[in-house]
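Spelled out from the first residue to the last, the chains are:
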Amino acid sequence: MCFTSLVSYCSSETWIADSCLKVLLPCTADYNDCSLGIGLSKRATMSHQLIGSCHCDMTRHTHTCKCFVPDHACTFVVLFFFRRLGVDLGKSVVYQESNGETRVDVKESVRGQDIFIIQTIPRDVNTAIMELLVMAYALKTSCAKNIIGVIPYFPYSKQCKMRKRGSIVCKLLASMLAKAGLTHIITMDLHQKEIQGFFSCPVDNLRASPFLIQYIQEEIPDYRNAVIVAKSPSAAKRAQSYAERLRLGLAVIHGEAPGSEADMADGRHSPPATRTTTGHTGLEIPLMMAKEKPPITVVGDVGGRIAIIVDDIVDNVEDFVAAAELLKERGAYKIYIMATHGLLSAEAPTRIEESAIDEVVVTNTVPHELQKLQCPKIKTVDVSMILAEAIRRIHNGESMAYLFRNIAVDD
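Residues numbered from 1 in each chain as written. Predicted model: local features only at pLDDT ≥ 70, side-chain atom pairs only at ≥ 80, totals over all residues. Heavy atoms only, no water.

You'll find the protein entered in an unreviewed UniProt entry as Ribose-phosphate pyrophosphokinase N-terminal domain-containing protein, with Gadus morhua given as the organism. Within the UniProt record for the protein, the comment given under Sequence similarities (unreviewed entry) is "Belongs to the ribose-phosphate pyrophosphokinase family." (UniProt positions renumbered as here; feature names shortened; annotations may be inferred.)

Here it is in structure tokens:
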């Protein structure tokens, strides 16, 4: 598919928050005379005009900048990057050997330059990670000045806590990326903000909430009659942040559905149910009582309201489908799901289509074009503009504080 066709597809299928262009402007910029070459006085009614107009100034520094893409089958978000930044795609070849090994050949000089590796994670997560590691190391040995990884969705972020005799894989991946040569990471909505502490290099954890909140305000009719829903108590802080910004009510789904497999994940049955005497016979440790969650219920009033469930990741949608059915039983007449990363694995599109969910809104941090074709309920919000602006600011040595303006810890 040619670039023009892709942009036309983006124009019809991807919601682009035009007023979110404010995040691209320096605090002192004139709205009609800025480095982006676009005035905010003109509302961008056609998204392809918006894409063509946004052009960031990447020439302020004496050393040059190049962008490389390990995964050449990635989504159109990468095309948005290059159109917005006004830079060319670095020349490289990434391929698999006949024995399955990943090989990367950099086809041009990168000595003394700022290099940005843009990696959107496709279905084959492990191959994408290996491509990123090998490319970063190839650029490091080619004497690049700085190597910045742009990873909108950071993989293995759910494995950031120790469970039973498992491992904290997210910490391992952070160490591997730093060892491969990455000197800076740009990502979006980490599963847990504490993951930033796993890295030995700076991490900019951008937020998608301004874009999703604007979508709610502009695209959901009668959103003032909505209530923000957390599908579990652990998601309550994020939901509360959305509710406070939108001046809406809050509801929390608490408890556990019959037959849920959550007990296999949180280790509640990990200790032996009975005491053993194989250890020190004189040691008396109090026996921990097993967890027992109450039946699933909704804390808060959703009757006659629009229910908007907010979360960071939509992957296996079973929990969301169960939550939607429960909200319908409690009287909610429309149900939306808002999330940053739409992984939508396995049979997720089919389950969404057959469920009580009216719409699933995700950003384009992860490629999901195929899932959209399978399920018309899936909508996309473009966040490439804030990622492109982060790249521009880092290259030009500008402060990143403006991109986090009015962002709270719970966002």
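(A) Inspection of the nonpolar core at higher detail. In terms of nonpolar packing, the biggest core is built from 49 residues, with Ile 186, Leu 206, Ile 228 and Ile 308 touching the most fellow members. The element best represented in this core is helix 11 (residues 384-396), accounting for seven residues. Contact partners of Ile 228, with chain neighbours within four places excluded, come to Ala 239, Tyr 242, Ala 243, Leu 246, Leu 248, Gly 249, Leu 250, Ala 251, Ile 308 and Val 310. Val 94, Val 104, Cys 160 and Leu 173 belong to the second-largest nonpolar core, a separate cluster that totals 31 residues. (Core = buried A, V, L, I, M, F, W, Y, C linked by side-chain atoms within 4.5 Å. Buried < 20%, exposed > 50% of the residue type's maximum accessible area, 1.4 Å probe, protein only. Helix = DSSP H or I, 4+ residues; strand = E, 2+ residues; numbered from the N terminus. Contact = heavy atoms within 4.5 Å.)

(B) Unusual backbone geometry, seen in detail. Positive phi is not limited to glycine here, since Asp 189 has a value of about 45°. In this structure, Asp 189 sits in the loop between strand 7 (184-188) and strand 8 (203-206). With a relative accessible area of 6%, Asp 189 lands in the buried category.

(C) How the structure looks around the sheet that holds strand 7. An order of 2-5-6-7-8 is seen for the five strands of this open sheet, with the pairing classed as parallel. Two strands lie at the open edges of the sheet, namely strand 2 (65-68) and strand 8, each paired on one side alone. Strand-to-strand twist across the sheet, computed as the mean angle between neighbouring axes with direction ignored, equals 15°. Judged from the five bridges that link them, strand 5 (residues 114-118) and strand 6 (residues 146-151) form a sheet pairing that is parallel. Bridging across to strand 6, Phe 116 finds its partner in Ile 148. Across the sheet, helix 11 is in contact with strand 2, strand 5, strand 6, strand 7 and strand 8; its angle to strand 7 comes to roughly 160°. (Pairing = 2+ DSSP bridges. Axes fitted to C-alpha atoms, helices over the stretch in contact; angles between N-to-C directions.)

(D) Looking closely at the pattern of salt bridges. The final tally for this structure, using the stated rule, is nine salt bridges. Note that Glu 389 and Arg 393 form a salt bridge whose closest N and O atoms lie 2.8 Å from each other. One end of the pair, Glu 389, and the other, Arg 393, are both in helix 11, four residues apart, so they sit about a helical turn from each other. Across the pair, exposure class does not vary: Glu 389 and Arg 393 are buried alike. Salt bridges here are not isolated pairs; linked through shared partners, they connect Glu 389, Arg 392, Arg 393 and Glu 398. (Salt bridge = Lys/Arg side-chain N within 4 Å of Asp/Glu carboxyl O.)

(E) Main features of the packing of aromatic side chains. What the rule picks out here adds up to one aromatic pair. A centroid spacing of 5.4 Å and a plane angle of 70° characterise the contact between Phe 154 and Phe 199, whose relative ring orientation is edge-to-face. Residue Phe 154 is found in the loop between strand 6 and helix 5 (169-180), and its partner Phe 199 is found in the loop between strand 7 and strand 8; the two are separated by 45 residues along the sequence. Here the two residues Phe 154 and Phe 199 agree in accessibility, since each one is buried. If you follow Lys 231 out to its NZ or CZ, it ends over the ring of Phe 320, 5.0 Å from the centre. (Phe/Tyr/Trp six-rings, centres within 6.5 Å; stacked < 30°, edge-to-face > 60°. Lys NZ or Arg CZ within 6 Å of the ring centre and 35° of its normal.)

(F) Summary view of the side chain of Glu 359. Following the sequence through the fold, Glu 359 ends up in strand 14 (residues 359-363). One buried charged residue, Glu 359, forms no salt bridge at all, with the nearest opposite charge on Lys 379 at 5.0 Å. Filtering out sequence-adjacent residues up to four positions away, Glu 359 remains in contact with Tyr 215, Ile 335, Tyr 336, Ile 337, Lys 377 and Lys 379. (Lys, Arg positive; Asp, Glu negative; His and termini not counted.)

(G) Up close: the environment of Arg 392. Within the element layout of this structure, Arg 392 appears in helix 11. On a C-alpha basis, the gap between Arg 392 and Arg 84 in space is 9.7 Å, while along the polypeptide they are 308 residues apart. Polar side-chain contacts of Arg 392 include one of 3.0 Å to the side chain of Glu 398. (Polar contact = N/O pair within 3.5 Å; in protein donor to acceptor, adjacent residues only side chain to side chain.)

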